[in-house]
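So the chains spell out like this:
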Amino acid sequence: MQVKLLKNLLFFDIMIIKEVKFMTNRERLLRTCTCRPADRAPFHFYFGPWGETLARWQKEGLGEGNTDWASSFPFDPQCFYVLPVNLGIFPAFEYKLIEQRATTAIIQDSQGVIQEILTLGPTIPKYLEFPVKDLESWKKFKAERLNPDLPERFPANWKEVCGKLKNFDGLVQIGSYPYGIFGTTRELIGLENLMFALYDEPEFVHAVMDDLTSFWLTLYEKAANEVHIDVIHIWEDMSGRQGSLISPAMMYEFMVPNYNRIKKFADERGIPVIVLDTDGNVSEMIQVFMDGGINMLMPFEFTDGNDIVQFRRDFPNLAMLGGISKVAVSRGREAIDAELARIKPLFDYPGYFPALDHLIHPGISWDDFSYFCEKLHELILKKM
């Protein structure tokens, strides 16, 4: 019934689109990100390759030292320009070597996190201590590191940036990794500490999440006074293969009120898109996010159980980016053809931004990636 109603409501809109033979990049993006019919889906990948992937491609045909992988394909122009506004810790903590060991080192990073890292190569660090521990340490941290009125939060050429964006044929975004209600709180407190605090110290968690939102809204306001913003980006990464790290009830208690505050600001400022980025299985979270005013979600990792085709049917008013299995793309042309056939129904609804379900990992060869781009582009053009 919901899909039928949506199709009826969009009938006139679709008739208008059929009369339009060409859209600007910006028009196409705006319509896609707000689930309105466009001349075609965008063709521009949000997630690029890992460094290891790029190194492999350089050996396989991209060329030694060549980092410009995107120019090999008929991608659309730049889609999202992220405003250079510092939404995080300032001043940053001093990087310190606290203790050198045989194969590891104890360090303090720029976020104030004390951790043990492997000195022989990249690995996931062992986190030892976080800068925010309780309500009192949060008040001190906020006063010292989260002043939204510092002029250094905007670049020296801010006026020039704003001037150039007046004719930008894409969408202007504020926010990116690592800024989110849950995501940033976890980065400051530590995941395990946050899990306990949600139960044992709810006042503390409310204070951090509410204060962060107020901090960001102040900076959003400053930026919006100078340049028109199209997209607010929220990074959470709060789910894994088994689903959300916290219950929907907790999301409604701690997070949704702050999402609603962001949505109210967006409506007042004419900002049409609020996109949220979280990895893992999001099936139990989608409605919660939408109740908070989120109208676009990414990246729908396939191996974590996300059926983006079914999600598209269930939530036709939610714009979706991603959902194409990077694992399938790493398995050769037959697997790529099967994967594109699987996601083909997504193009039957407005609001789909075709892209891989995360960064392009080193298991994908240059030949397979090139074939994938060619076939995806053909599919996009067929659906015009």
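Residues numbered from 1 in each chain as written. Predicted model: local features only at pLDDT ≥ 70, side-chain atom pairs only at ≥ 80, totals over all residues. Heavy atoms only, no water.

Draft legend 1. Structural detail: the overall build of the protein. A tally of helices and strands in the protein yields 15 helices and 13 strands. Over its C-alpha atoms the protein spans a radius of gyration of 22 Å, differing by no more than 12% from the 21 Å that the globule rule assigns to 384 residues. Considering only C-alpha atoms, the protein reaches an extent of 60 × 50 × 45 Å along its principal axes. Sorting the 384 residues of the protein into buried and exposed places 52% on the buried side. Partitioning the intrachain contacts of the protein with sequence separation of at least 6 by distance along the chain shows that 70% fall at a separation of at least 24. (Helix = DSSP H or I, 4+ residues; strand = E, 2+ residues; numbered from the N terminus. Rg over C-alpha atoms; globule rule 2.2 N^0.38 Å. Buried < 20%, exposed > 50% of the residue type's maximum accessible area, 1.4 Å probe, protein only. Contact = heavy atoms within 4.5 Å.)

Draft legend 2. Structural context of the sheet that holds strand β1 (residues 80–82). The seven strands are arranged β1-β6-β7-β10-β11-β12-β13 in an open sheet whose pairing can be described as parallel. Every other strand in the sheet has two partners, leaving β1 and β13 (352–356) as the edge strands with one partner each. Recorded for the sheet is a direction-independent mean angle of 25° between the axes of neighbouring strands. Against the sheet, helix α15 (residues 366–382) touches β12 (319–324) and β13, its axis set at about 170° to β13. (Pairing = 2+ DSSP bridges. Axes fitted to C-alpha atoms, helices over the stretch in contact; angles between N-to-C directions.)

Draft legend 3. Expanded view of the state of the cysteines. The full count for this structure, using the stated rule, is zero disulfides. Free cysteine C79: the closest other cysteine sulfur is in C33, separated by 8.3 Å. With relative accessibility at 1%, the residue C79 sits in the buried group. (Disulfide = S-S within 2.5 Å.)

Draft legend 4. The arrangement of the side chain of T53 in detail. For T53, the location among the structural elements is in helix α4 (residues 51–62). Using a relative accessible area of 0% as the deciding quantity, one classes T53 as buried. Excluding residues within four positions of it along the chain, T53 makes contact with I360, H361, P362 and I364.

Draft legend 5. The arrangement of the sheet that holds strand β4 (residues 114–118) in detail. The strand order β2-β3-β4-β5 describes an open sheet built from four strands, whose pairing is antiparallel. With partners counted over all chains shown, the strands left at the sheet margins are β2 (96–100) and β5 (126–129), one partner each. Strand-to-strand twist in this sheet, taken as the mean axis angle between neighbours without regard to direction, amounts to 30°. Pairing analysis gives five bridges linking strand β3 (residues 104–108) to β4, with the strands arranged antiparallel. Within β4, the position partnered with I106 by the bridge is E116.

Draft legend 6. Summary view of the pattern of salt bridges. In the structure shown here, the tally under the stated rule is 23 salt bridges. Between R101 and E99 there is a salt bridge, with its nearest N and O atoms 3.1 Å apart. Of the charged contacts, one joins E136 and K139 as a salt bridge, the two residues approaching to 3.8 Å between their closest N and O atoms. Of this pair, E136 and K139 are both found in helix α5 (residues 135–145), three residues apart, which corresponds to roughly one turn of the helix. Given the relative accessible area of 53%, E136 is considered exposed. It is possible to trace a salt-bridge network through shared partners that takes in E99, R101 and E116. (Salt bridge = Lys/Arg side-chain N within 4 Å of Asp/Glu carboxyl O.)

Draft legend 7. Seen up close, the packing of helix α7 (residues 181–189) against helix α9 (residues 202–224). As a packed pair, α7 and α9 sit with axes 10 Å apart at the nearest point and diverge in direction by 120°. When you trace α7 past α9, the crossing you get is right-handed. Mapping the contact onto sequence places I181, F182, T184, T185 and I189 in α7 and F204, V208, M209, L212, T213 and W216 in α9. Tallied by class, residues from the contact of α7 with α9 come to eight nonpolar, three polar and no charged. (Left-handed = near helix turned anticlockwise from the far one by under 90°. Nonpolar A, V, L, I, M, F, W, Y, C, P; charged D, E, K, R; others polar.)

Draft legend 8. Structural detail: unusual backbone geometry. With an omega of 0°, the peptide bond running from F90 to P91 counts as cis. By the secondary structure assignment, P91 is in the loop between β1 and β2. Residue P178 follows Y177 across a cis peptide bond; omega there is 5°. As for its position among the elements, P178 is in the loop between β6 (171–174) and α7. For C35, which is not a glycine, the phi torsion comes out positive at approximately 60°. Mapped onto the fold, C35 is located in the loop between α3 (25–33) and α4.

Draft legend 9. Representation of the nonpolar core in the model. Counting residues in hydrophobic clusters, the biggest one holds 97 residues, and the most contacted among them are W69, L83, W138, M255, F369 and F372. Examining the composition of this core, we find that 13 residues originate from one element, α9, more than from any other. Grouped together as the second largest cluster of nonpolar side chains are 17 residues, V231, A319, L321 and A355 included. (Core = buried A, V, L, I, M, F, W, Y, C linked by side-chain atoms within 4.5 Å.)

Keep in mind these numbers describe shape, not what the thing actually does.
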